[in-house]
Amino acid sequence: MSGHAEIPAGFAPLQSGGPFIQHNGPLYLRHEGSTVQFGFRVEPRHVNPMNNLHGGMMASFCDMLLPLSVHRKSSEVANRFLPTISLQIDYLAPAPLGAWVQGEAEPLRVTRSLVFAQGLVTADGVPCARVSGVFKIGPAVPSNAVE
């Protein structure tokens, strides 16, 4: 894994998601213009017995990817808590130990009470997950909350 330890240019650590994702991260963000990307490096603590990213970690990443992307791409809900109602993931390929996992997502529709979003996740550039979700538009995030 030593040759894969670097983080791609433009990505910076993201303090986000509370203690759970801080413990399981770190996640990184690259936000340049309209491009919003999140990523992380697959570490030994993230893998299953086959040394590929555990599906639960992929699900956690996707559950952060969609609402955090929506926050940055939709001013309507930029400061609102977006609890997950539904999350669908198609696992397309493994993400091996040491791989850089990166995702991009788009809001599809924002209604008075719901957000619909979809995204694609790659591992070292190979599509590894397709994700879509529905999120409830919750209350404003407290100003002292992390992200």
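The preceding data block contains the structure.
Computed from a predicted structure; not experimentally measured. All residue numbers refer to positions counted from 1 along the written sequence of the respective chain. Per-residue local features of the predicted model are confined to residues with pLDDT of at least 70, and side-chain atom pairs are confined, for both listing and counting, to 80 or more; whole-chain, interface and lining totals are unaffected and use all residues. Note that water and hydrogens are dropped before the side-chain values are worked out from all heavy atoms of the structure.

**Q** What is the right way to read the overall build of the protein from this model?
**A** Scanning the protein from terminus to terminus reveals two helices and seven strands. To qualify as a helix, a DSSP run of H or I must reach at least 4 residues; to qualify as a strand, a run of E must reach at least 2; elements of each kind are numbered from the N terminus. Listing each helix as α and each strand as β along the protein from the N terminus yields β-α-β-β-α-β-β-β-β. If you line up the protein on its principal axes, its C-alpha atoms span 45 × 30 × 30 Å. Type-normalised accessible area, obtained with a 1.4 Å probe on protein chains alone, sets the label of each residue: buried when under 20%, exposed when over 50%, and partly exposed for intermediate values. Within the protein, buried positions represent 41% of all 147 residues. Throughout, a residue-residue contact means that at least one pair of heavy atoms, one from each residue, lies within 4.5 Å. Expressed as a percentage of contacts within the protein between residues at least 6 apart in sequence, the contacts between residues at least 24 apart total 62%. Using the Shrake-Rupley algorithm and a 1.4 Å probe, accessible areas are obtained, with residue cover drawn only from the displayed protein chains. A total accessible area of about 7,600 Å² is found for the protein, and carbon and sulfur atoms account for 55% of it. Charge counting treats Lys and Arg as positive and Asp and Glu as negative, with His and both chain ends excluded. Lysine's charge is taken at NZ, arginine's at CZ, aspartate's at CG and glutamate's at CD. Counting 10 positive and 10 negative side-chain charges, the protein places the averaged centre of each group 9 Å from the other.

**Q** How should the sheet that holds strand β7 (residues 126-136) be read in this particular structure?
**A** Backbone hydrogen bonds hold the strands of a sheet together, and the pairing may be parallel or antiparallel. Pairs of strands are assigned from DSSP output, requiring at least two bridges between the strands. With respect to topology, seven strands assemble into an open sheet ordered β1-β2-β3-β5-β6-β7-β4, the strand pairing being antiparallel. Edge positions in the open sheet fall to β1 (12-14) and β4 (84-91), since each of these has one partner strand only. When strand polarity is set aside, the average angle formed by the axes of neighbouring strands in this sheet is 30 degrees. Helix α2 (residues 55-73) rests against β1, β2 (27-32), β3 (35-41), β4, β5 (100-110), β6 (114-123) and β7 of the sheet, and its axis sits at about 50 degrees to β5. Think of each axis as a best-fit line through the C-alpha atoms, taken over the contacting stretch in the case of a helix, with angles from 0 to 180 degrees between the N-to-C directions.

**Q** Sorry, what's going on with the pattern of salt bridges here?
**A** One side chain can pair with another of opposite charge once the charged atoms of both are near each other. We define a salt bridge as a contact between a side-chain nitrogen of Lys or Arg and a carboxyl oxygen of Asp or Glu at a distance within 4 Å. If you walk through the whole model with that rule in mind, you get three salt bridges. Its salt-bridge partner being R45, residue E43 comes within 2.8 Å of it at the nearest N-O pair. We note a salt bridge from E106 to K73, for which the minimum N-O separation is 2.5 Å. Taken as a pair, E106 in strand β5 and K73 in helix α2 lie far apart in primary sequence, 33 residues in all. With a relative accessible area of 40%, E106 lands in the partly exposed category. Using a relative accessible area of 24% as the deciding quantity, one classes K73 as partly exposed.

**Q** Help me out: how do you make sense of the environment of F81 in this one?
**A** Along the chain, the position of F81 falls in the loop between α2 and β4. The exposure class assigned to F81 is partly exposed, which follows from its relative accessible area of 46%. On a C-alpha basis, the gap between F81 and L65 in space is 14 Å, while along the polypeptide they are 16 residues apart. Beyond its immediate chain neighbours, meaning those up to four positions away, F81 contacts K136, I137, G138, P139 and V141.

**Q** So what exactly am I meant to see when it comes to the pairing of β7 here?
**A** Regular strands place their side chains on alternate faces of the sheet. Here β4 runs beside β7; their pairing, made up of seven bridges, is antiparallel. In the strand pairing of β7, S86 is matched with V134. The pairing of β6 with β7 spans 10 bridges and is classified as antiparallel. Paired with A123 across the strands is V126, a residue of β7. As consecutive antiparallel partners, β6 and β7 are separated by two residues, and within that stretch D124 has a phi angle of approximately 50 degrees, a positive value.

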